[in-house]
Structures are given as structure tokens and as C-alpha cells.
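For reference, the chains in residue letters:
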Amino acid sequence: MAGTTTDVAPAPSAPAIHPLWVRVTHWINALATAVMIGSGWEIYNASPLFPFAFPKAVTIGGWLAGGLLWHFAAMWLLVVNGLVYVVLGLATGRFRRKLLPIRPREVFFDLRAAFAGRLAYDDLAVYNAVQKALYAGVILAGIVIMASGLAIWKPVQLQALAALFGGYEAARIVHFLAMAAIAAFVVVHIVMAFVVPKSLRAIIIGR
Amino acid sequence: MPRVIRPSLDARLAAGDAAKLLPDPARRLFLRGTLSLGALSLLTGCELADGASVEKALRAVSRFNDGVQAWLFDPNRLAPTYPESAIARPFRFNGYYDEEDAPEIDAADYRLEVGGLVVDKRPWTLERLQALPQETQITRLVCVEGWSLIGKWSGAPLREFLARIGADLRAKYVFFRCADRYFSSIDMATALHPQTQLTLKFDGETLPRSFGFPLRIRIPTKLGFKNPKYVVEVAVTNEYLGGYWENQGYNWFSGL
């Protein structure tokens with residue numbers, strides 16, 4: 001388990017665990033994702049793909065038109081912020097340094113260790129193999145959800161993209177599954193922030 | 001001044017009908033759920049705002065999205081077409097009222113009124129519309145709700161009709177008024193798209209009452225609600241006249 005805040009307080013000169021651009025894009029992304037998922041659930045409810053609907057209390061927009069207005073507004077926030085994040089992640093080498101390499105064997109062993117409560121979280125600047133896999137995976141899911149969303153929005157203008165997903169109806173299912181993957185990530189992500197509280201501090205103040 | 005039948009009165013009447021369908025407290029207040037306040041302050045730049053100003057901000061983004069979609073719209077790109085075997089049978093009725101309440105229009109009395117920035121404002125009989133060159137398309141109708149169905153529509157290209165009435169093709173909008181008080185308007189680029197159709201037939205038969213007899217506008221490059229049924233007037237205009245659902249919050253351009 002994480003120690004108290006006193007025994008991990010770093011020297012003021014130590015480099016930040018998360019640079020400012022990571023922290024800013026993280027929280028903008030958190031907000032945009034929440035609005036996208038909540039309004040997406042409202043839109044889903046207008047014509048559910050599966051035999052269930054999302055409870056009204058967790059949807060955003062009040063009715064279909066409201067859900068769509070929110071979805072296609074938060075979309076811009078998500079896209080602009082996501083682009084800044086990905087470009088800086090690639091340009092600064094952060095993605096390569098932090099997320100690679102991902103070795104399935106290590107992911108397996110770290111996952112087992114995590115469930116057994118044996119995984120250490122001493123150095124937040126170094127990701128364990130499960131973190132690497134999840135962070136890389138959610139970035140991938142973000143790309144899939146954006147591409148499938150574009151295919152649903154513009155199945156005529158971007159018909160080649162829609163065809164890549166197997167057509168309009170198939171793209172709807174991909175869009176839903178990518179949402180489910182991101183929502184599952186968010187649940188694990190938030191649980192871990194409570195398990196390792198200093199990680200929450202690091203994504204707010206950097207240390 | 002060219003005559004355009006203003007939808008304002010119709011809009012008020014029609015909004016009354018739609019109100020029955022909408023969850024009442026949610027109708028004006030779009031922000032629901034726990035995350036709304038944070039999103040709201042970010043989107044509007046205000047610390048505290050009431051529902052109306054949030055809606056105003058969201059609608060401004062929607063108008064911006066109209067511009068983005070107009071820019072994305074390629075006037076020469078055709079909507080995908082499908083084989084006969086892909087046609088959905090039976091097709092789905094959709095409207096803001098029950099199927100039995102759909103307008104019943106007498107073919108003999110029917111006239112399509114023509115208004116706005118056009119040379120020839122004589123109304124059109126059904127016979128005259130049928131005499132225009134006819135085309136058939138098997139395309140996907142995508143509903144704003146998300147579902148889609150492939151159907152077969154036949155009729156005259158709208159651009160052919162616009163040419164015959166001497167429409168000002170530099171005008172911004174083409175407006176449609178319907179017998180059921182529904183109305184909508186589209187951009188001129190979409191009106192001139194080769195697949196935008198004055199539809200008289202559905203699946204090889206005279207357009208059934210459920211699907212818009214005697215005249216529907218079929219636009220495979222736009223969402224279903226931008227494909228008005230029971231059309232009784234076409235007008236060319238530079239004035240933004242919105243639409244039945246558009247005025248309640250659906251995106252106006254709604255291009256596919």
C-alpha cells in the first residue's frame with residue numbers, strides 16, 4: 001500500500017512525475033470524456049443497440065436533441081485536447097519512454113501480483129506492465145472511438161472509413177464497444193486512484 | 001418581394017404536438033446528470049449559468065457544426081447504393097404522430113406550390129410531376145435516433161425541378177412545407193446533389209400514405225428527419241427558416 005504523504009514528499013528540485021501538459025490535458029480529457037459518455041448514453045437510449053437502456057440519471061441532455069447537442073460540442077474539446085496530448089506524447093518521447101515496451105509475459109505476472117496485493121507502487125514515474133498495457137490500450141480505444149464516431153456521423157462523405165468498420169450499422173457497434181472499453185478503463189483507473197492516493201496527488205500537482 | 005410561406009405559425013402549432021412527446025422538465029433544460037455543472041462552466045466560460053444560456057451556447061456550437069458540415073459536403077460524392085436484396089421489408093413508419101393520423105391527400109386536388117426566388121410560380125399537379133424524368137435509388141435512410149434501413153425510392157431529381165421552375169440557384173436555401181404542418185429547409189448544395197429527389201414512389205409502388213403520399217423529398221446525404229413527407233410547397237430563399245425538429249434542437253445541416 002502507499003505510504004503516507006510525508007515519507008514520499010520529493011525534494012523540490014526533483015522533476016515532476018507528470019509534466020504540466022500531461023496534467024492539464026488529463027483533466028480536460030476527463031471532463032470531455034464524461035460529457036461524451038453521458039450524452040452518448042442519451043443518444044443510445046433513442047434507439048438501443050442491445051436490450052437495455054441507460055438510466056436517465058446518468059445521461060446528459062434530457063432528450064435526444066439535448067444529448068446530440070452536448071455530444072457534438074464536447075467532441076471538439078475531446079478532439080483538440082486529444083490531438084495536443086498525442087502530438088506532445090509522441091514529440092516529447094513520453095509515450096515511448098513510459099509505455100514501451102509492452103511484454104505480454106510481464107503484463108501477466110504484474111496482473112497476478114496486483115490481484116495478490118504484491119505489486120509495489122513506490123515509483124509513480126515508472127509504469128508497471130499492467131499500467132503500460134492499459135494506458136496504451138485506452139489511447140488505442142480513443143482512436144477507435146473517434147474513427148468509428150466519424151464513420152457514424154459521415155457515412156456518405158467518409159464512406160471509405162465507414163466501409164473499413166463494415167458499414168454504418170457495424171460502425172455503431174464498434175463505437176459502442178470502444179465506449180465500453182473506455183468506461184471499463186475509467187472504472188479501474190478511478191479505483192486505482194483510491195488504492196494509491198499519491199497517484200491522484202501526482203496528476204494534480206505533479207509530484 | 002418573392003413570396004415565401006413563413007413557418008412561424010405552423011411552428012407554434014407543431015411545437016405543441018411535439019411537446020407531448022418530450023419529457024417535460026427536460027424539454028428546455030438540456031443539462032441533466034451530475035456532470036453538468038463542470039461541463040457548463042467550461043463550455044460557456046461562466047461560473048454559473050441557467051439552462052437557457054447553456055442551451056444558447058450549445059446551439060451556437062451546433063450552428064458552427066453546420067458550417068463544418070457544409071465544408072465537408074462534396075456535391076459530387078454519391079451516397080452508397082445497394083442491391084434489391086438489401087431492401088428492408090416491411091419498412092418502418094416514423095413520425096411525431098401515430099400512423100393513422102398521417103395526412104390523407106386527394107391526388108386529384110393536390111397541387112405543389114412553388115414560391116420564393118423562382119421565375120415560374122405556377123403550382124404543379126401530380127401528373128406534371130410524374131412527367132418529369134424519373135430515377136430510382138436504393139439507399140440507406142439513417143434516422144437521427146441511430147437506426148437505419150435500406151429502401152427504394154423513385155422520382156425526379158430535385159435539381160431538374162429547380163431548373164424547370166427557374167429557381168435562383170445562387171440562393172442559400174430550399175424550403176419545404178408539408179400538409180402535416182411539418183417543415184424543413186436545406187442548403188442549396190444539397191438541393192442540387194444528383195441523388196436529392198422529389199419522390200413519388202416507394203419500393204416500386206405509388207408512395208404509400210405512411211411514407212408521404214403524394215410527395216416526399218428523399219435526400220440520402222441527410223438524416224431521415226430532413227426528408228420531409230406530404231410536401232405541399234417548395235420555396236427558394238436566402239432566409240434561414242430552420243425546421244420543425246431543427247428549431248427544437250436537432251442540428252440543422254444534419255448531413256451524412
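Along each chain, residues carry numbers from 1 onward, in the same order as the chain's sequence is written. Chain A is the first chain written and ligand 1 is the first ligand written, with later ones labelled in order. In keeping with the model being predicted, local features are shown solely for residues with a pLDDT of at least 70 and side-chain atom pairs are shown and tallied solely at 80 or more, while totals for entire chains, interfaces and linings include all residues.

**Brief notes about the overall build of chain A**
The test is simple: Each helix is a run of DSSP H or I of at least 4 residues and each strand a run of E of at least 2, with the numbering of both proceeding from the N terminus. Buried residues are those with 20 or more other C-beta atoms within 10 Å of their own C-beta, exposed residues have 12 or fewer, and partly exposed residues lie in between; C-beta atoms are placed from the backbone. A residue pair is marked as a contact if its C-beta atoms, positioned from the backbone, fall within 7 Å.
Across its full length, chain A carries nine helices and zero strands. Based on the C-alpha atoms only, the size of chain A along its principal axes is roughly 55 × 35 × 35 Å. Taken across its 207 residues, chain A has 30% of its residues classed as buried. Contacts in chain A between residues far apart in sequence, at least 24 positions, make up 61% of those at least 6 positions apart.

**With respect to the sheet that holds strand β1 (residues 113-116) of chain B**
Residue and element names in this part refer to chain B. We count it as follows: Note on pairing: DSSP must find at least two bridges between two strands before they are called paired. The axes are straight lines fitted to the C-alpha atoms, using for helices just the contacting stretch, and the angles between their N-to-C directions are given from 0 to 180°.
Here we have four strands laid out as an open sheet, ordered β1-β9-β4-β5, and mixed in their pairing. Taken across any chain shown, the strands that pair with only one partner, and hence form the sheet edges, are β1 and β5 (183-187). Each adjacent strand pair in this sheet contributes to an overall mean axis angle of 20 degrees, direction not counted. In terms of strand pairing, strand β4 (residues 173-178) meets β5 through five bridges, oriented antiparallel. Opposite Tyr-173, over in β5, you have Asp-187 as the bridge partner.

**Considering unusual backbone geometry**
Leaving glycine out, the prevailing phi sign among residues is negative, and the prevailing peptide bond configuration is trans. Here the amide bond leading from Leu-100 of chain A into Pro-101 of chain A is cis, since omega sits at -5 degrees, within 30 degrees of zero. Along the chain, the position of Pro-101 of chain A falls in the loop between α4 (94-99) and α5 (104-115). The amide bond that connects Phe-213 of chain B to the next residue, Pro-214 of chain B, takes the cis arrangement and shows omega of 5 degrees. Relative to the assigned elements, Pro-214 of chain B resides in the loop between β7 (205-206) and β8 (216-218). Backbone geometry places Tyr-230 of chain B, a non-glycine residue, at a positive phi of 50 degrees. With 25 C-beta atoms packed within 10 Å, Tyr-230 of chain B lands in the buried category.

**Focus: the pairing of β4 of chain B**
As a general feature of sheets, a regular strand has side chains that alternate between the two faces. Residues and elements named next belong to chain B. For β4, the tally of buried residues reaches six of six residues, placing the bulk of the element in the interior. By the alternation rule, side chains of β4 split into Tyr-173, Phe-175 and Arg-177 and Val-174, Phe-176 and Cys-178, which are all buried. Between the end of β4 and the start of β5, which pair antiparallel, lie four residues, with Arg-181 showing a positive phi angle near 70 degrees. Pairing of β4 with strand β9 (residues 231-237) involves six bridges; the strand directions are antiparallel. Its bridge partner lying in β9, Phe-175 is registered against Ala-235.

**Focus: the confidence of the model for chain B**
All names here are of chain B. To be explicit about the condition: Note on scores: pLDDT gives the predictor's confidence for each residue, bounded by 0 and 100.
For chain B, per-residue confidence averages 86 on the pLDDT scale, and 80% of positions sit at 70 or higher. Confidence drops under a pLDDT of 50 for residues 1-38, and excluding neighbours within four residues, the segment shows 73 contacts in the predicted structure. Segment residues 44-48 is flagged for pLDDT under 50; beyond a separation of four residues in sequence, or across chains, it makes six contacts in the model. On the interface metric, ipTM, the complex scores 0.88, and its pTM is 0.86.

**Notes on the nonpolar core**
To keep things clear, this is the line we draw: Any set of buried Ala, Val, Leu, Ile, Met, Phe, Trp, Tyr and Cys residues joined through C-beta atoms within 7 Å is what this text calls a nonpolar core.
Counting residues in each nonpolar core, the largest one holds 80 residues, and the members touching the most others are Ala-74 of chain A together with Val-174 and Val-231 of chain B. In terms of residues, this core owes the most to one element, helix α3 (residues 64-91) of chain A, which gives 10 residues. Apart from residues lying up to four places away in sequence, Ala-74 of chain A is in contact with Ala-32, Val-35, Met-36 and Ser-39 of chain A.

**With respect to the packing of helix α2 (residues 20-46) of chain A against α3 of chain A**
All names here are of chain A. Stated formally: For classification purposes, an angle smaller than 35 degrees is called roughly parallel, one larger than 145 roughly antiparallel, one from 65 to 115 roughly perpendicular, and anything else oblique. If you view the pair so one helix is near and one far, a crossing is left-handed when the near helix is turned anticlockwise from the far one by less than a right angle, and right-handed when it is turned clockwise.
Between α2 and α3, the shortest axis-to-axis distance is 8 Å and the interhelical angle comes to 150 degrees. As summarised for this structure, α2 and α3 are arranged roughly antiparallel, according to the angle between their axes. For the element pair α2 and α3, the recorded crossing hand is left-handed.

**Side note on the packing of helix α6 (residues 129-153) of chain A against helix α8 (residues 168-195) of chain A**
Residues and elements named next belong to chain A. Quick reminder of the rule: Gly falls in the polar group here, along with every residue not listed as nonpolar (Ala, Val, Leu, Ile, Met, Phe, Trp, Tyr, Cys, Pro) or charged (Asp, Glu, Lys, Arg).
Following both chains from N to C, one finds α6 and α8 inclined at 150 degrees, their axes separated by 8 Å at the closest point. Regarding the angle of α6 to α8, the classification is roughly antiparallel. Here α6 runs over α8; the crossing is left-handed. Mapping the contact onto sequence places Leu-134, Val-138, Ala-141, Val-144, Ile-145, Ser-148, Gly-149, Ala-151 and Ile-152 in α6 and Tyr-168, Ala-171, Arg-172, Val-174, His-175, Ala-178, Met-179, Ala-181, Ile-182, Phe-185 and Val-188 in α8. Partitioning the contact of α6 with α8 into residue classes produces 16 nonpolar, three polar and one charged.

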